[in-house]
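Tertiary structure, described
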Amino acid sequence: MEEFITVCPRNCYSTCSFTVQVENNIIKHIYPYPGNLATPNGPCIKGLSYIERTHSPDRIIHPLRKTSTGKFKQITADEALERIAEKLLSLREKFGPQSVLFYRGSGMSGLVNEISNSFWKGFGGATTTYGNLCWPAGLEAVRLTLGTVKHNVPWDIENAKTIIIWGKNPAETNIQETAFIARAREKGSKVIVIDPRRTLTADHADLLLSPKPGTDGALALAIASVLIRKNLIDSHFINSFVKGFNDFCASLTISPEDCEKISGIPAGNIYELADIIGLEGPVTIIPGYGLQRHINGGQTIRAILSLNILTGNIGKPGAGFNYANLQSYIFDTVKEPQSYYPDAGQDFPFRRTVSMTNLGRDISIAKDPPLKGAWIERGNPILQSPDSGTVRKSFSDLEFVVVVEQFMTDTAAMADIILPARDIFEQSDIIGSYWSPYVCYKPAVITCPGEVMPESEIYYRLAKKMGLNMDPGLLPEPGNDNIEKWLETRIKGYSSLTLSDLKKGPVLAPGLQEIAYNDMKFETPSGKIELFSSEAHRKWGISPVPGYSPLESDNEKYPLCFLTPNIAGRIHSQFGNLDLIRTTLQEPAAELSPSDAKSRGIFTGDQIRMFNDLGEIITTARISHRVPAGIIVLPNGIWLNEGGGGNLLIAGRFTDIGMGAAFHDTQVQVEKADKHG
Ligand SMILES: Nc1nc2c(c(=O)[nH]1)N[C@H]1C(S)=C(S)[C@@H](COP(=O)(O)OP(=O)(O)OC[C@H]3O[C@@H](n4cnc5c(=O)[nH]c(N)nc54)[C@H](O)[C@@H]3O)O[C@H]1N2
Ligand SMILES: Nc1nc2c(c(=O)[nH]1)N[C@H]1C(S)=C(S)[C@@H](COP(=O)(O)OP(=O)(O)OC[C@H]3O[C@@H](n4cnc5c(=O)[nH]c(N)nc54)[C@H](O)[C@@H]3O)O[C@H]1N2
Ligand SMILES: [Mo]
């Protein structure tokens, strides 16, 4: 039995290290790796399920081609690549390289993904995407205010006296963080959760406040006004490091009493929270990504961050704004904030972009050239994109779709050719994180099953067939040894990182600040923390100070706010097909409050129809005391054949800044599905 230290490459805060034991090319055991101080307890249930996932009989391990009857037929890798090469060349000749969409999702992180970009550059460009479905409104809010996006190391939470978990559900989405929060609580810190739902995280909190979705900006600004009025602010900190305090003060108009009407949070709780933030520091605020998936999401994050700024809770142990820590996130240029903007002035290989948020619409209306083909890797856009009905339609209108996938997802099912994708244990890579401070090496510990090829090999062989003239430094020859050499060269720019060190175990990010911003350097235009940001106004047209604007919801026809958060057993649309997950965790269902269920005659287990002007889905209901009246919750990532597909009801709407997707600004109605027979 051989043993390796490895790391989970899924798009998740935790980025858990673990050890894996392998025998005869089979994954046998998975254990915690305590050397990673951020994830000493080992992976979550999804990580443990890799034993099943890697060797799952449902995995696609041979290329498949869709026949004229719509069924898939196994073909050889050579035949698949031959067909793809021919088709890509013909599209390029007839319509130009930008007639092909190169779409990459977040299914596998790592440095090696850069190779895909190189191929498409070599193809002569392509159409790619701008914006991001995940976190950009908040990223941009933090960047505009603090200059860079980082936070203290996870274990520093133990130094906080007050922890406010605001629109994040780490008990499901960042389970490693809950260990540090629990330890802080044992030491006497207060834990406050602000979430419309009573989440699993809230079960372990001292106080739960449940605002109406999208009203958190008003809540934060009301708290700010109390802090200022009661002089619970840190004037020395403000005078030394903050730009725009007076403008911010002058803009505050929402009192706790006003806010009670807006958010539903009693004014008394708002005063109480202001006292806690002002008097019981150090305060760490942990805002989540669900929180900013609203059309006012960026301004909301800026408003919440103002509470740290007013009280000097930045740059100190136990204090901070833990939105994202990009200190170890040094390789994923694909997901770096700057690269979201088509005019970012970077070396953009692709001249044309379509929006992630309005993917279907943009594919359909693309002109000069029209889109004719698509290449999808590491993503499941048919399920995960807003307005997914339009995305499906736009895909079915394309001449040629290639999907690189491990399983028959809703997106793979739309492909003309499916190429089987590698998984975690089958190619070496280096992985950063947006929460943990470590950079981790992920070794190839088994060979690819069947005819699976990592993307790097697919592209190498395709480039050969297509006669593309590729630089071997950018597109290495197949074989994991070549990938290791490529990695070694690629990290040479980071003096403190070497492959041989990384092979011994996780390495702290080069130049890591354990306590972020403790040098009080802020890379903003003024060099100060910008409560007033001219750039925010210039770039996005929003008020230069944090503000609150209400959501535009049509409550009469569609009275229920529809939330689609993440759940413990999945990373978005992954893992739900595995037996370990299915047999140990509750099946996902649409959760609604007892009162909303009662008024519609709905019981747990009933099939219900959820609908609005965009479409409808049929799913299973569960009555839940965790969901307040007026809200219905169906996790995102549930496959269509399991009663999922919430994105069929969610319009493609941008967040105020960052070009994110305002998934949670969605209103629906529900009724029992058999009502119309
Ligand atoms: N197990 C698991 N872990 C994951 C993922 C996963 O799919 N599964 N996905 C990873 C990824 S890519 C991401 S982006 C993160 C996301 O993880 P989180 O940041 O935790 O985000 P969500 O689960 O989308 O939403 C968090 C909470 O926001 C609440 N919320 C929604 N709207 C509002 C609002 O207006 N105000 C307030 N106060 N709260 C609101 C929801 O009720 C929900 O409980 O998790 C990562 N980790
Ligand atoms: N309604 C609603 N929709 C949402 C969200 C929400 O909160 N609500 N959240 C959004 C967010 S935060 C995110 S990050 C996105 C996530 O959406 P996506 O980025 O589409 O992520 P996944 O659903 O995890 O799908 C990733 C796919 O990649 C495949 N895969 C894994 N490894 C590899 C590999 O090495 N190569 C290839 N080719 N494929 C691989 C997996 O099998 C999986 O099918 O969803 C967004 N969609
Ligand atoms: Mo995400």
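Residues numbered from 1 in each chain as written. Chains lettered and ligands numbered in written order. Predicted model: local features only at pLDDT ≥ 70, side-chain atom pairs only at ≥ 80, totals over all residues. Heavy atoms only, no water.

1. Let's talk about the packing of helix H3 (residues 77-95) against helix H17 (residues 455-466)
Interaxial distance between H3 and H17 falls to 9 Å at its minimum, and their mutual angle equals 60°. If you check the angle between H3 and H17, you find them oblique. Helix-helix and strand crossings are classified by hand; for H3 and H17 the assignment is right-handed. When H3 is examined against H17, the residues Ala77, Asp78, Leu81, Glu82, Ile84, Ala85, Leu88 and Leu89 are found in contact with a partner set consisting of Ile458, Arg461, Leu462, Lys465 and Met466. When grouped by side-chain class, the residues that make up the contact of H3 with H17 number nine nonpolar, no polar and four charged. (Axes fitted to C-alpha atoms, helices over the stretch in contact; angles between N-to-C directions. Helix = DSSP H or I, 4+ residues; strand = E, 2+ residues; numbered from the N terminus. Parallel < 35°, antiparallel > 145°, perpendicular 65-115°, else oblique. Left-handed = near helix turned anticlockwise from the far one by under 90°. Contact = heavy atoms within 4.5 Å. Nonpolar A, V, L, I, M, F, W, Y, C, P; charged D, E, K, R; others polar.)

2. Things to note about the sheet that holds strand S23 (residues 590-592)
Pairing is mixed around the closed barrel formed by six strands, whose spatial order is S22-S26-S23-S25-S24-S27. With direction set aside, neighbouring strand axes in the sheet form an average angle of 45°. Summarising the sheet, strand S22 (residues 560-563) and strand S27 (residues 667-672) pair through two bridges and their orientation is antiparallel. Pairing of Cys561 across the sheet is with Gln667, part of S27. (Pairing = 2+ DSSP bridges.)

3. A short note on the pattern of salt bridges
This structure, assessed with the given rule, holds 36 salt bridges. When the shortest N-O distance is used, the salt bridge between Glu140 and Arg143 registers 2.9 Å. Here the residue Glu140 and the residue Arg143 both occupy positions in helix H5 (residues 136-146), the gap between them amounting to three residues, near one helical turn. Residue Glu616 is joined to Arg609 by a salt bridge in which the shortest nitrogen-to-oxygen separation is 2.3 Å. (Salt bridge = Lys/Arg side-chain N within 4 Å of Asp/Glu carboxyl O.)

4. Some points on the site of ligand 1
Taken together, 35 residues form the shell around ligand 1, and within it Tyr13, Asp195, Gly214, Asp216 and Arg570 come nearest. Between ligand 1 and Tyr13 there is a distance of 2.7 Å, counted from an oxygen atom to a side-chain nitrogen or oxygen. At 3.3 Å, a backbone N or O of Gly290 approaches an oxygen atom of ligand 1. Coverage of ligand 1 by the protein amounts to 100% of the 920 Å² it exposes when considered alone. (Near = heavy atom within 4 Å. Polar contact = N/O pair within 3.5 Å; in protein donor to acceptor, adjacent residues only side chain to side chain. Areas by Shrake-Rupley, 256 points an atom, 1.4 Å probe, with all protein chains shown as cover.)

5. Concerning the environment of Gly312
Secondary-structure assignment places Gly312 in the loop between helix H13 (297-310) and strand S13 (320-321). Residues Gly312 and Phe241 lie 71 residues apart in sequence; the distance between their C-alpha atoms is 9.3 Å. Aside from chain neighbours lying at most four places away, what touches Gly312 is Asp234 and Phe237.

6. Let's talk about the site of ligand 2
Neighbouring ligand 2 are 31 residues, the closest being Glu405, Arg422, Glu455, Ser573 and Asn647. For ligand 2, an oxygen atom lies 2.7 Å from a polar atom in the side chain of Arg422. Surface burial for ligand 2 is 97%, taken as the share of its 920 Å² of free accessible area covered by protein chains.

7. Here's the deal with the domain arrangement of the protein
Domain boundaries assigned for the protein yield domain 1 (73-126 + 350-421 + 446-494), domain 2 (136-327 + 514-540) and domain 3 (560-672). Between the C-alpha centres of domain 1 and domain 2 there is a distance of 39 Å. (Domains from an automatic or database assignment.)

8. Topic: the sheet that holds strand S1 (residues 2-7)
Pairing is antiparallel across the open sheet formed by three strands, whose spatial order is S1-S2-S3. Strands at the two margins of the open sheet, each flanked by one partner only, are S1 and strand S3 (26-32). The average undirected angle you get between the axes of adjacent strands in this sheet is 30°.

9. What to know about the side chain of Asn132
On the secondary structure map, Asn132 appears in the loop between strand S7 (127-130) and H5. Within the local environment of Asn132, its side chain forms a polar contact with the backbone nitrogen of Cys134, the two atoms lying 2.6 Å apart.

10. Brief notes about helix H4 (residues 114-122)
Summarising burial for H4: seven of the nine residues are buried, a large majority. Regarding H4, the residues found buried are Glu114, Ile115, Ser116, Asn117, Ser118, Phe119 and Trp120. At the exit of H4 stands Gly124, carrying a positive phi of roughly 110°. (Buried < 20%, exposed > 50% of the residue type's maximum accessible area, 1.4 Å probe, protein only.)

11. Describing the pairing of strand S25 (residues 615-623)
Relative to S25, S23 is paired through three bridges, and the arrangement is parallel. Bridge pairing in S25 places Glu591 opposite Arg622. By the bridge criterion, six bridges tie strand S24 (residues 607-612) to S25 in an arrangement that is antiparallel. Bridging across to S25, Phe611 finds its partner in Glu616. Taking the residues between adjacent antiparallel strands as the criterion, S24 and S25 are bridged by two residues.

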